[in-house]
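Per-entry structural report
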Amino acid sequence: GGGGGGGGRSGGTSARGGAADEPPGVPPPLDLGSLPASLLLSKETLRRPSLKEMWGSVTGKATRTHILNLLTYELTVNVRRKPNGLGVGLTVDNIIVEMDPRGSFADTRGQICANDKIIAIDGERLGTRMLKDVVRPKEEHAVTLLFTREASLTPAAREARATLARNVPPNTLRVKEIALTVKRQLGNVGFTLDPTNVVIEVQPSADAAGKLKVGDKVCEVDGLALEHTRFGEVADVERSAHKLRIARIKPPKGGAQSASSAGAAKKRPKRDDRRIHFREVTLSKNSPSDRIGVLFHRHDDQYDLTAFGRLDGATMPIIKKVDPDTVGARGGLKPGDVVLAVNGLSGMNNFQVVEMIRTLQGDITFLVASAPVKAPGS
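The rules behind these values
Residues numbered from 1 in each chain as written. Predicted model: local features only at pLDDT ≥ 70, side-chain atom pairs only at ≥ 80, totals over all residues. Heavy atoms only, no water. Helix = DSSP H or I, 4+ residues; strand = E, 2+ residues; numbered from the N terminus. Buried < 20%, exposed > 50% of the residue type's maximum accessible area, 1.4 Å probe, protein only. Contact = heavy atoms within 4.5 Å. Areas by Shrake-Rupley, 256 points an atom, 1.4 Å probe, with all protein chains shown as cover. pLDDT = per-residue confidence, 0-100. Phe/Tyr/Trp six-rings, centres within 6.5 Å; stacked < 30°, edge-to-face > 60°. Lys NZ or Arg CZ within 6 Å of the ring centre and 35° of its normal. Polar contact = N/O pair within 3.5 Å; in protein donor to acceptor, adjacent residues only side chain to side chain. Pairing = 2+ DSSP bridges. Salt bridge = Lys/Arg side-chain N within 4 Å of Asp/Glu carboxyl O. Core = buried A, V, L, I, M, F, W, Y, C linked by side-chain atoms within 4.5 Å. Axes fitted to C-alpha atoms, helices over the stretch in contact; angles between N-to-C directions. Arc of directions from axis to C-beta.

1. Remarks on the overall build of the protein chain
The helix and strand inventory of the protein chain stands at six helices and 19 strands. Across the 378 residues in the protein chain, those meeting the buried criterion constitute 46%. Restricting to contacts in the protein chain with at least 6 residues of sequence separation, those with at least 24 account for 71%. Carbon and sulfur atoms provide 52% of the accessible area of the protein chain, an area that totals close to 19,500 Å².

Below is the structure:
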């Protein structure tokens, strides 16, 4: 993860809470996490540099502008379940961030790809729920997904089977490509990324402050493209600084909304105020016998877990106590944190998380979020 400057596999959840199904005709909010780095920074979408951009390339503040005409497609794919499961890693809003080469999703001959967003399984819409909370094991699943491409680029073969998504109209996106360098301080890069390499936090005192913004997507680090790879998997922690290429959404010229987007904004229903604030925490155990000093609740009845898309079922792993001056406390784990993923593996109950932590050693990366306590009488 970015915040600790360490590694870790792709997390099973993202740093953004899932949005409810949008009413027909109202496009969902745009999310750079669902767009591949190669699409965002394609040479085909580059525009002639402005005088400001040309001057920036001379002074070391290199920026370029891309204009993307995005088309979003909906596709349903039949997936046969293998003995080792579906083999897919998802964000909390069901964007695919990794696929096991031996899993069911990877065996669809390119019909399902990284960055696709799963919106339904076996005819049941996911809405705010995660796939793991809805899917019921069976021999074959009908997986419905959304994927986006730039209109001027060569269509993929799967588009012959897909249809244009009804509630996502064509969208023109202005993206600023920025080349910058961030320095590590005491080994910390000073920013945190979600599993799709989108910035979710920048520490105010870090070198990255004033350079990166929440919502930026890191597309390249030290010359290595982050197409289907996380920053923490390739960034050399021994380096004192990293050269990044990021994508940032540019507001419409003049700051004015188009008539269609302004209309959509008026129609959009008010969102749930219970925003989920995700954190990525990396701890280190020298041996499996080391303790991290964390105790988990045996029951989760006192917490309101509806914002996590949770259905009735196994107890979620919620931290009850963190012993002071322990690995867990120093790493930033807190009472009330829900452990959503450990080293990229999500969907575990409290007992499974405890067992996994017990057997691991080395760097352990947690994706956590604070769970609200239920109101009295609820």
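Still to come is the rest of the account.
2. Regarding the confidence of the model for the protein chain
Atom-level detail of predicted coordinates should not be read off regions where pLDDT is low. Averaged over every residue, the pLDDT of the protein chain is 77; residues scoring 70 or more account for 77%. Contacts of residues 1-29 to residues separated by more than four positions or lying in other chains number 118 contacts, the stretch itself having pLDDT below 50.

3. Re the packing of aromatic side chains
Taken as a whole and assessed by the stated rule, the structure comprises two aromatic pairs. Residues Tyr-73 and Phe-147 carry aromatic rings whose centres are separated by 5.4 Å and whose planes lie at 15 degrees to one another, so their mutual orientation is stacked. Pair noted here: Tyr-73 is in strand β1 (residues 63-80) and Phe-147 is in strand β6 (residues 140-150), with a separation of 74 residues, a long-range link. Across this residue pair, the class does not change: Tyr-73 and Phe-147 are buried. Ring centres of Phe-191 and Phe-231 lie 5.5 Å apart, and the angle between their planes is 65 degrees; on these two criteria the pair is classed as edge-to-face. Taken together, the residues span a long stretch of sequence, with Phe-191 in strand β9 (residues 191-193) and Phe-231 in helix α3 (residues 231-234) at a distance of 40 residues. A relative accessible area of 1% means that Phe-231 is categorised as buried. Its guanidinium or amino end placed over the ring of Phe-147, Arg-158 lies 3.8 Å from that ring's centre, counting from NZ or CZ.

4. Considering the side chain of His-66
Here His-66 shows up in strand β1. Engagement of the side chain of His-66 in a polar contact is seen with the backbone oxygen of Ser-42, the distance being 3.1 Å. Reaching out from His-66, the side chain makes a polar contact with the side chain of Glu-177 at a distance of 2.6 Å.

5. Description of the pairing of strand β17 (residues 337-342)
By the criterion of burial, β17 is predominantly enclosed, with six of the six residues buried. With two bridges joining them, β17 and strand β18 (residues 345-346) adopt antiparallel strand pairing. Along β18, the bridge assignment pairs Ala-341 with Ser-346. Linking β17 to β18, which pair antiparallel, is a turn of two residues; within it Asn-343 sits at a positive phi near 50 degrees.

6. A few points about the pattern of salt bridges
Applying the stated rule across the entire model yields 20 salt bridges. Residues Asp-207 and Lys-211 are paired through a salt bridge, measuring 2.9 Å at the closest nitrogen-oxygen approach. In this structure, the salt-bridge partner of Glu-220 is Arg-245, at a minimum N-O distance of 3.3 Å. Highlighted residues: Glu-220 in strand β11 (residues 217-221) and Arg-245 in strand β13 (residues 241-249), separated in sequence by 25 residues. On the accessibility criterion, Glu-220 (19% relative accessible area) is buried. Arg-245 gets classed as partly exposed once you look at its relative accessible area, which sits at 22%.

7. Focus on the nonpolar core
Val-79, Phe-105, Ile-112, Ile-118, Ile-121 and Leu-131 are the most contacted members of the largest nonpolar core, which has 20 residues in total. At five residues, the largest contribution of residues to this core is made by β1. Those residues in contact with Ile-112 that lie beyond four places of it in its chain are Val-77, Val-79, Ile-96, Met-99, Phe-105, Leu-145 and Arg-158. Membership of the second largest hydrophobic core comes to 18 residues, among which are Val-281, Ile-292, Val-342 and Met-356.

8. A look at the sheet that holds β17
In space, the four strands of this open sheet follow the order β14-β19-β17-β18, with antiparallel pairing throughout. Edge strands, defined here as strands with exactly one partner in the open sheet, are β14 (278-285) and β18. Across the sheet, helix α6 (residues 350-359) is in contact with β14, β17, β18 and β19 (362-370); its angle to β17 comes to roughly 60 degrees.

9. Concerning the environment of Thr-128
When you line up the elements, Thr-128 lands in the loop between β5 (124-125) and β6. Classification of Thr-128 by relative accessible area gives partly exposed; the value is 36%. In this structure the C-alpha to C-alpha distance between Thr-128 and Asp-93, which are 35 residues apart in sequence, comes to 7.2 Å.

10. Digging into α6
Of all the positions in α6, only Asn-350, Val-353, Met-356 and Ile-357 are classed as buried. What you see down the axis of α6 is that its buried residues fit within an arc of 130 degrees, all on one side. Its side-chain oxygen at 3.1 Å from the backbone nitrogen of Phe-351, Asn-349 defines the N-terminal cap of α6.

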